[in-house]
Amino acid sequence: MAEPAPIASSLAPAAPRARARRLNPRLWLSAGWILLLVLAALSAPWLAPHDPLAQDLLLERLPPIGFDGYEAGYWLGTDSLGRDVLSRLIYGARIALVVAVAAAFAACLFGSVLGLLAGFYGGWTDRGVSRGVDVWMAFPPVLFAVLLVAVMGPGLISVIVAIAIIDWTRFARVIRAETLVQSRMDYVQSARVGGASRRRILASEILPNVLPTIVALLALEMGVAIIVEAILSFVNLSISSDDPTWGGMIAEGRASLHFAWWVLVFPLLVLFLSVLSFTQLGEGLKDQFDPLSR
Amino acid sequence: MLKSILIRLASMGVTLVGVAIVVFVLIRVAPGNPIAMMLPPGATEADIARITALYGLDKPLFEQFWIWAGGVLRGDFGVSITMRQPVGELVLSRLPATLELSLLALFIALIVGGATAILGARERGGPLEAAVDVFNGATLSIPDFLWGLLLILLFGVLWPIFHISGRVSPQLDLPFVTGFYLFESLLRLRLDLAADLLLHMLMPAVALALPLAAILSQLLKQGLKDTLQLDYTVLARVRGFTETQVILREALRNAALPTLTLIGVQFTFLIGGTVIVERLFAYEGLGNMAIDAVINRDLPLIQGIVLTFACLFIVINLLVDLAYTLLNPRLRHG
């Protein structure tokens, strides 16, 4: 996966941000899709035409609207147990978004704090964190995730904790490098000369300047978390297999690929758009914050 | 230079020990007794205790670790609980399949990434460069798992020209003595077998290759564009070389060196990706076996596989560092 480059490194702390920035269309499009997902997730009980768990063997593998055999009301068809694909997608958005937000924030908090400390204090703190990152990078992440969820037992909390445990390194690496650069800048030196305590310098001088990077990474991480959750549900190790998850739907779709393509296509499309949106949002934010690429 | 290699080797050792400890502790704090799961429902407490003792799972954690670590140092990785075979043998039986797939993917990534970078640099400022940029941007945003699903849909269902599950057609007679089926079939000039293997391997390999191809293309293209502004390439143009010749003969070598480190790191990501991509394509590699091992709580097998992956990652990083030092004149004489 793409290595997010430190973005605020060239940003002078007092740089005037007076010039109005034109927002990138890809930012709007991505934000729009994510907003749509949030709305769908919030209003799932009213929006979903059917119960996402209701099985009906008489209605199994109904094709979507516009195809032969379409049954009114089942817009995107049904899966091999007769469950409504659209309703499952809408309810699946709840799980995907909860995991994306909770896991990304947890990974962000843990990784950013460690990165800030390592970059600012150096010495043994830095050596400890960097060694931890090295060990973590030597694990294949998907296998690590599967292992963690297996250890903690399937469930929403396990998935969130597993993603946070795996992906804190993404934040720690980048924020450490960024903090290192910021610590050497003149404004930090002058704060030091001015008698500010180290903790104060870290909290009120350095943190605000690495914050844009953290925000951009956070958006990228939400995309990663959605994918990891989908992968975990795909190998049937996410939350209970009854709950509608996009990854679980994809696993069903992969199994019944030759009888019912729509069971795979629609969740894949939704997953695709969501990951693309979060990634574009993160990349777009990175560019917005970066004075060089404006 | 020797000193820096020794420092790196020591650092590798520390990382490996770290990995071993993390995995070991992690899978033993798990609730649920793996032995109870593998015995038939009628097994008595005494049976469970006897088998638990057989695998050494009744000893304190610290002691278990020393027994296991001592075994690993002697090349003994323990016995798989579900398959009742030595872990070392099981890992070695699957490792070639994963290595072959990863190397094929790396090859594809280098060709695609290199070609698009050269094309983009040659056509810099034109519509073709813009097309390369769009391709890279889109490819980078999508992880290998989704590429795999998309390829399954496109070339498994809509236009079924590739196989989308397994490593080789089951009805074929396999004369192989090593696990490297593709390399061996090419060496033996059994092109029929090689074709069948490639039809199976191409889709998972492309899914793994695309993200790496895009990131390589991006970096190499920028490197080429920077190099093409330097005096010596201007001189080459004055001497009558065409733009393509200038890129291939003069610029490529200088621009390629910085991408080497990136390829090393990204190649380890690619190998990490084989775990889920193998699962997706039902490819009989190490990653697929790893997921089964986790699902079955096969502790010795999980440990062996994770350690194998960690070794692989660390060795690749070391090789890339060495290659970089050897190829970079500034470091070589430093």
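Residues numbered from 1 in each chain as written. Chains lettered and ligands numbered in written order. Predicted model: local features only at pLDDT ≥ 70, side-chain atom pairs only at ≥ 80, totals over all residues.

### Description of the overall build of chain A
Cut-off, in case you're wondering: To qualify as a helix, a DSSP run of H or I must reach at least 4 residues; to qualify as a strand, a run of E must reach at least 2; elements of each kind are numbered from the N terminus. Counting other C-beta atoms within 10 Å of a residue's own tells you its class, since 20 or more makes it buried, 12 or fewer makes it exposed, and anything in between is partly exposed; those C-beta atoms are placed from the backbone. Note that contacts rest on C-beta atoms placed from the backbone: two residues are in contact if these are within 7 Å.
When you go through chain A residue by residue, the secondary structure sums to ten helices and zero strands. When the elements of chain A are put in sequence order from the N terminus, they spell out α-α-α-α-α-α-α-α-α-α. A total of 294 residues make up chain A; the buried ones form 49% of that total. Residue pairs in contact within chain A that sit at least 24 positions apart in sequence constitute 73% of those at least 6 positions apart.

### Quick notes on the overall build of chain B
A tally of helices and strands in chain B yields 14 helices and zero strands. Principal-axis analysis of the C-alpha atoms places the extent of chain B at approximately 85 × 55 × 40 Å. Residue burial in chain B is summarised as follows: out of 334 residues, 40% are buried. Intrachain contacts of chain B at a sequence separation of at least 6 include 72% that bridge at least 24 residues.

### Here we look at the interface of chain B and chain A
How we decide: Three residue categories are used. Nonpolar comprises Ala, Val, Leu, Ile, Met, Phe, Trp, Tyr, Cys and Pro, charged comprises Asp, Glu, Lys and Arg, and polar comprises the others, including Gly.
Residue-level contacts link 37 residues of chain B with 30 residues of chain A. When its residues are assigned to classes, the side of chain B that touches chain A shows 30 nonpolar, six polar and one charged.

### Re helix 5 (residues 87–122) of chain B
Using the following cut-off: One less than the residue count of a helix, multiplied by 1.5 Å, gives the span that helix is expected to have. Given a residue, its bend is the angle between the two axes fitted to the seven residues that end at it and to the seven that start from it.
Relative to the 52 Å expected for 36 residues at 1.5 Å per residue, helix 5 of chain B spans 51 Å between its end C-alpha atoms, a close match to the ideal helical length. A bend of about 30° at Leu95(B) is the largest found in helix 5 of chain B, and the proline Pro96(B) appears one to four places after it.

### Some words on the environment of Thr308(B)
Take Thr308(B): it is sitting in helix 13 (residues 299–327). As for Thr308(B) and Arg74(B), which are separated by 234 residues in sequence, their C-alpha atoms are 15 Å apart.

### With respect to helix 12 (residues 286–295) of chain B
Think of an α-helix as turning once every 3.6 residues; residues three or four places apart then point the same way. Burial analysis of helix 12 of chain B places eight of its ten residues in the buried class, which makes it a mostly covered element. Among the residues of helix 12 of chain B, Leu286(B), Gly287(B), Asn288(B), Met289(B), Ala290(B), Ile291(B), Ala293(B) and Val294(B) are the ones counted as buried. Where the residues of helix 12 of chain B are buried, they touch helix 5 (141–152) of chain A together with helix 5, helix 11 (243–280) and helix 13 of chain B. Two residues or fewer after helix 12 of chain B comes Arg297(B), characterised by a positive phi angle close to 55°.

### Some details on the confidence of the model for chain A
Residue and element names in this part refer to chain A. Filter applied, for reference: As a per-residue quantity, pLDDT reports the predictor's confidence and falls between 0 and 100.
Taken residue by residue, chain A gives an average pLDDT of 84. The fraction at 70 or more is 90%. The spread of mean pLDDT over the elements of chain A runs between helix 7 (residues 186–193), the lowest at 84, and helix 3 (residues 85–121), the highest at 94. For residues 1–20, every residue scores under 50 in pLDDT, and the model assigns this stretch 36 contacts once sequence neighbours within four places are set aside.

### Comments concerning the packing of helix 5 of chain A against helix 12 of chain B
Two numbers describe a pair of packed helices, the interaxial angle and the distance between the axes. Cut-off, in case you're wondering: A fitted line through C-alpha atoms serves as each axis, taken over the contacting stretch for helices, and the angle formed by two N-to-C directions is quoted from 0 to 180°. Orientation categories follow fixed angle ranges, with anything under 35 degrees roughly parallel, anything over 145 roughly antiparallel, 65 to 115 roughly perpendicular, and all other angles oblique.
Relative to each other, helix 5 of chain A and helix 12 of chain B sit at 10°, their axes nearing to 10 Å. The angle between the axes of helix 5 of chain A and helix 12 of chain B places the two elements in the roughly parallel class. Contacts from Leu143(A), Val146(A), Leu147(A) and Ala150(A) of helix 5 of chain A reach helix 12 of chain B at Gly287(B), Ala290(B), Ile291(B) and Val294(B). Taken together, the residues of the contact of helix 5 of chain A with helix 12 of chain B break down into seven nonpolar, one polar and no charged.

### A few points about the nonpolar core
Residues and elements named next belong to chain A. This is how it is decided: In plain words, the nonpolar core is the set of buried Ala, Val, Leu, Ile, Met, Phe, Trp, Tyr and Cys residues that C-beta atoms within 7 Å link up.
In this structure, Ala145, Val146 and Ile163 are the most contacted members of the largest nonpolar core, which totals 169 residues. Among the elements that take part in this core, helix 8 (residues 198–234) stands out by supplying 20 residues, more than any other. In this structure, Ile163 is in contact with Ala103, Ala107, Ala145, Ala225 and Val228, ignoring residues within four places of it in sequence.

### Re the environment of Leu273(A)
Tracing the backbone through its elements, the reader meets Leu273(A) in helix 10 (residues 262–289). With 239 residues separating them in the primary sequence, Leu273(A) and Ile34(A) have C-alpha atoms 9.1 Å apart.

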